[in-house]
Amino acid sequence: MAHTNLSNMKKNASVRLSPQKLSGSKKRLSLVVHGYKILFLSILKLLALATLCVVLSFAVVFPLWKWALSSPKSYTYCMLALLALAVISFLARRIKKHGIRPFLRGLLRVLVIAGGIALSVFCVLSGLRFAALLVLAAMFIASGILASGANKKER
């Protein structure tokens, strides 16, 4: 009986270590290795992208910082000029896309709302709370009139 158990164990061992089973485990092992390879390559790509972002941002920000420290007036004037150019460009594209009348109506709406909020904040800070409430009410009424007066085509 001991002999049969030993022969059964040899048979089971040979079945467990058969070439078909080994190729299956090699396949699984290669899949695991391939998965780790993809993972590490993704991590390396992420690190390379982060490094590139840091280097490029340093290359852009450092000279601007040095310029702002060495000559604050010229830096301020240049940045204001660039901001003005960006705003003018945005407004010109908006006018070209929608036309002048809808643009002016939209601009008027924005000015009424922003002006109402600014004036009400100023009134609150000055201690005129009731005046701030009146300004907010007038702002809501004016913006409602502007919104209802617009043509459906221009919306």
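In this convention, every chain numbers its residues from 1, walking through the sequence in written order. For a predicted model such as this one, the threshold for reporting local features is a pLDDT of at least 70, and the threshold for listing and counting side-chain atom pairs is 80 or more; totals across whole chains, interfaces and linings nevertheless cover every residue. Side-chain figures throughout are based on the complete set of non-hydrogen atoms in the structure, without hydrogens or water.

*Asks:* So what about the overall build of the protein? Which residues, and what values?
*Replies:* Helix and strand assignments follow DSSP, with helices taken as H or I runs no shorter than four residues and strands as E runs no shorter than two, numbered in order from the N terminus. When its secondary structure is counted, the protein shows five helices and zero strands. When the helices and strands of the protein are listed from N to C terminus, the series reads α-α-α-α-α. A 1.4 Å probe rolled over the protein chains alone gives each residue an accessible area, and that area as a share of the maximum for its type sets the label: buried under 20%, exposed over 50%, partly exposed in between. Considering the protein as a whole, with its 155 residues, one finds that 6% of them fall into the buried category. Pairs of residues are marked as contacts when any of their non-hydrogen atoms sit within 4.5 Å. Within the protein, counting contacts between residues at least 6 apart in sequence, those at least 24 apart form 38% of the total. Only the protein chains shown count as covering a residue, and every accessible area follows the Shrake-Rupley method with a 1.4 Å probe. In the form shown here, the protein has an accessible surface area of approximately 13200 Å², with 75% of it arising from carbon and sulfur atoms.

*Asks:* Which residues make up the side chain of Ser120, and what values go with them?
*Replies:* If you trace the backbone, Ser120 turns up in helix 4 (residues 100–125). Classification of Ser120 as buried rests on a relative accessible area of 7%. In protein, a polar contact means a hydrogen-donor-capable atom and an acceptor-capable atom, both N or O and within 3.5 Å, with residues adjacent in sequence counting only if both atoms are side-chain atoms; elsewhere, any N or O pair within 3.5 Å suffices. Of note is the side chain of Ser120, whose polar atom sits 2.8 Å from the backbone oxygen of Ile117.

*Asks:* If you had to explain the packing of aromatic side chains to someone new, which residues and values would you point to?
*Replies:* Here a pair means two rings of Phe, Tyr or Trp (six-membered ring of Trp) with centres within 6.5 Å. Their orientation is stacked below 30 degrees between planes, edge-to-face above 60, and tilted elsewhere. Across all of its chains, the model carries four aromatic pairs by this definition. With a centroid separation of 5.2 Å and an interplanar angle of 20°, the aromatic rings of Phe58 and Phe62 are classed as stacked. Residue Phe58 and its partner Phe62 are both found in helix 2 (residues 19–70); the two are separated by four residues, about one turn of the helix. Residue class for Phe62 comes out partly exposed when judged on its relative accessible area of 35%. Their ring planes at 40° and their centres at 5.7 Å tell us that Phe62 and Trp65 sit as a pair that is tilted. Separated by three residues within a single helix, Phe62 and Trp65 lie in helix 2, roughly one turn from each other. On the basis of relative accessibility, which here comes to 47%, the residue Trp65 falls in the partly exposed class.

*Asks:* I'd like to hear about the confidence of the model for the protein, residue by residue, with values.
*Replies:* What pLDDT expresses is the predictor's confidence in each residue, scored from 0 to 100. For the protein, per-residue confidence averages 84 on the pLDDT scale, and residues scoring 70 or more make up 81% of the total. Here helix 1 (residues 2–16) stands out as the least confident element of the protein, with mean pLDDT 52; helix 3 (residues 72–98) is the most confident, with 93.

*Asks:* So what's going on with helix 3? Residues and values would help.
*Replies:* Given the number of residues in a helix, its expected span is that number minus one, multiplied by 1.5 Å. With 27 residues, helix 3 extends 39 Å from end C-alpha to end C-alpha; this agrees with the ideal 39 Å at 1.5 Å per step. Looking at the residues trailing helix 3, positive phi occurs at Gly99, about 100°.

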